[in-house]
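For reference, the chains in residue letters:
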Protein chains: 4
Amino acid sequence: MKHSYEEVIDSLIKFRDERDWEQFHDSKNLAIALSIEAAELNELFLWKQLPESENIPKEKLKEELADVLSFAFLLAHKHGLNPFELVLDKITKNAEKYPVEKAKGKSDKYSEL
Amino acid sequence: MKHSYEEVIDSLIKFRDERDWEQFHDSKNLAIALSIEAAELNELFLWKQLPESENIPKEKLKEELADVLSFAFLLAHKHGLNPFELVLDKITKNAEKYPVEKAKGKSDKYSEL
Amino acid sequence: MKHSYEEVIDSLIKFRDERDWEQFHDSKNLAIALSIEAAELNELFLWKQLPESENIPKEKLKEELADVLSFAFLLAHKHGLNPFELVLDKITKNAEKYPVEKAKGKSDKYSEL
Amino acid sequence: MKHSYEEVIDSLIKFRDERDWEQFHDSKNLAIALSIEAAELNELFLWKQLPESENIPKEKLKEELADVLSFAFLLAHKHGLNPFELVLDKITKNAEKYPVEKAKGKSDKYSEL
């Protein structure tokens, strides 16, 4: 079954509100929480090199990615932002910042996407 | 106009492939990139307290959130994972971990969502 | 009793070598480890506002700060750098970047120290 | 010339006070700032694999490590903690947590130091 973003954000909000947690979810703390979850995601790869670093526990990867996404969705929602529009807009901007002819095959010119 | 996740991930992959960047996008580096973008998101809130910390430049917030989401989507896609399923599964798990009666109104019992 | 930096870095190296861990300690992984420990430090403050955010468990603060410092010292040592010189040099640079008359009492002009 | 920790922390405090920045330096914001600088340090290694990842610009490495150390020292100082004692105490704890016979040559058993 395919899920929609609306279903996901509604579930996140319902989970939050049942626990009366909105009081803790100011933007700054959501951003900090997102960073902490991103660090837990990184911990799965710590001390590993390729190709071993691709063989990480799938279940842990799913959980840490879910946590990162949850806080990103909650922060976007708090500011009335749609995640898909955000990303599509950024791709348009990045296309100007990293023109194909200049960026092709080079990682040293960019630190993003 | 409403966008779908498929549209977004296809655009991200197209952007990446036009620049021949898949070679850099192993899982570990995607996770590091995600953390770096999460830190740039946090920088918007640095040294600020409530309520000032809610008044951050909207355009910057959009860009940093977009970067975080882009790397999260690319990492999920690399492992054949759907972001919505991930989050919905995690909500189910968290509902067991944080039962309403115990977690209600308390931030000190959890460090996640 | 007062300890010296030499005593500290020698102890860190001895601990590492007894466990044959130098093989894992390339610069990139040390930097990732440092970030993960910084995130664990941040977790102590998550969801808290002033003044409550100053009342964190002292023992946890000590441990997380120690972990951050350990990886920072190991990374500096790997590159033949002395932590004190690094910081003193940076203060000299920052003094030019943030002249007193311009920076006084303003947090919005800088994102560093 | 050899520098002492006292000289370093005194210089950091002097720099801070000349700019009237202590008002921004609550513990939580110092921890966030530390994480942001740690991410900037990680950015030096992004998309790089060994052995290339060891060849990073020395001057940038020095600056980012200095920023991380500065915020770690300021946070330690705020809580009356000596960085060297912190690390030496943690080594003693870690020696119990990671006994040589169990930890030797294994990275998968630990996520710290």
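Residues numbered from 1 in each chain as written. Chains lettered and ligands numbered in written order. Predicted model: local features only at pLDDT ≥ 70, side-chain atom pairs only at ≥ 80, totals over all residues. Heavy atoms only, no water.

**Here's the deal with the overall build of chain A**
Point 1. Tallying secondary structure elements over chain A gives five helices and zero strands in all.
Point 2. For 113 residues, the compact-globule estimate of 2.2 N^0.38 gives 13 Å, and the C-alpha radius of gyration of chain A, at 17 Å, exceeds that figure by more than 25%.
Point 3. By principal-axis analysis of the C-alpha atoms, chain A measures approximately 50 × 35 × 35 Å.
Point 4. Evaluated residue by residue, chain A yields a buried proportion of 57% over its 113 residues.
Point 5. Within chain A, residue pairs in contact and separated by at least 24 positions form 60% of the contacts whose partners lie at least 6 positions apart.
Point 6. When the accessible area of chain A is evaluated, it comes to approximately 4700 Å², of which 49% is carbon and sulfur surface.
Point 7. The centroid of the 17 positive side-chain charges in chain A is displaced by 7 Å from the centroid of its 23 negative side-chain charges. (Helix = DSSP H or I, 4+ residues; strand = E, 2+ residues; numbered from the N terminus. Rg over C-alpha atoms; globule rule 2.2 N^0.38 Å. Buried < 20%, exposed > 50% of the residue type's maximum accessible area, 1.4 Å probe, protein only. Contact = heavy atoms within 4.5 Å. Areas by Shrake-Rupley, 256 points an atom, 1.4 Å probe, with all protein chains shown as cover. Lys, Arg positive; Asp, Glu negative; His and termini not counted. Charge placed at Lys NZ, Arg CZ, Asp CG, Glu CD.)

**Describing the interface of chain B and chain C**
Point 1. Facing eleven residues of chain B, the contacting portion of chain C comprises eleven residues.
Point 2. Here chain B meets chain C over a buried area of about 980 Å², counting both sides, of which 53% is carbon and sulfur.
Point 3. Taken together, the links from chain B to chain C amount to zero salt bridges.
Point 4. Across the side of chain B that touches chain C, the residue classes tally to five nonpolar, four polar and two charged. (Buried area = accessible area lost by both parts, 1.4 Å probe. Salt bridge = Lys/Arg side-chain N within 4 Å of Asp/Glu carboxyl O. Nonpolar A, V, L, I, M, F, W, Y, C, P; charged D, E, K, R; others polar.)

**Describing the interface of chain B and chain A**
It is common to give the size of an interface as the accessible area that goes away when the parts come together.
Point 1. Counting residues at the interface gives 81 residues for chain B, matched by 81 residues for chain A.
Point 2. Summing the contributions of chain B and of chain A, the shared interface buries around 7000 Å²; its carbon and sulfur component is 69%.
Point 3. The residue Glu63(A) makes a salt bridge to Lys93(B) at a minimum N-O spacing of 2.6 Å.
Point 4. Connecting chain B to chain A are 28 residue pairs in polar contact (both at pLDDT 80 or more).
Point 5. Elements with a minimum of two residues in the side of chain B that touches chain A: α1 (5-18), α2 (27-43), α3 (58-78), α4 (83-97) and α5 (100-103) of chain B.
Point 6. Among the elements that take part in the side of chain B that touches chain A, α3(B) stands out by supplying 18 residues, more than any other. (Polar contact = N/O pair within 3.5 Å; in protein donor to acceptor, adjacent residues only side chain to side chain.)

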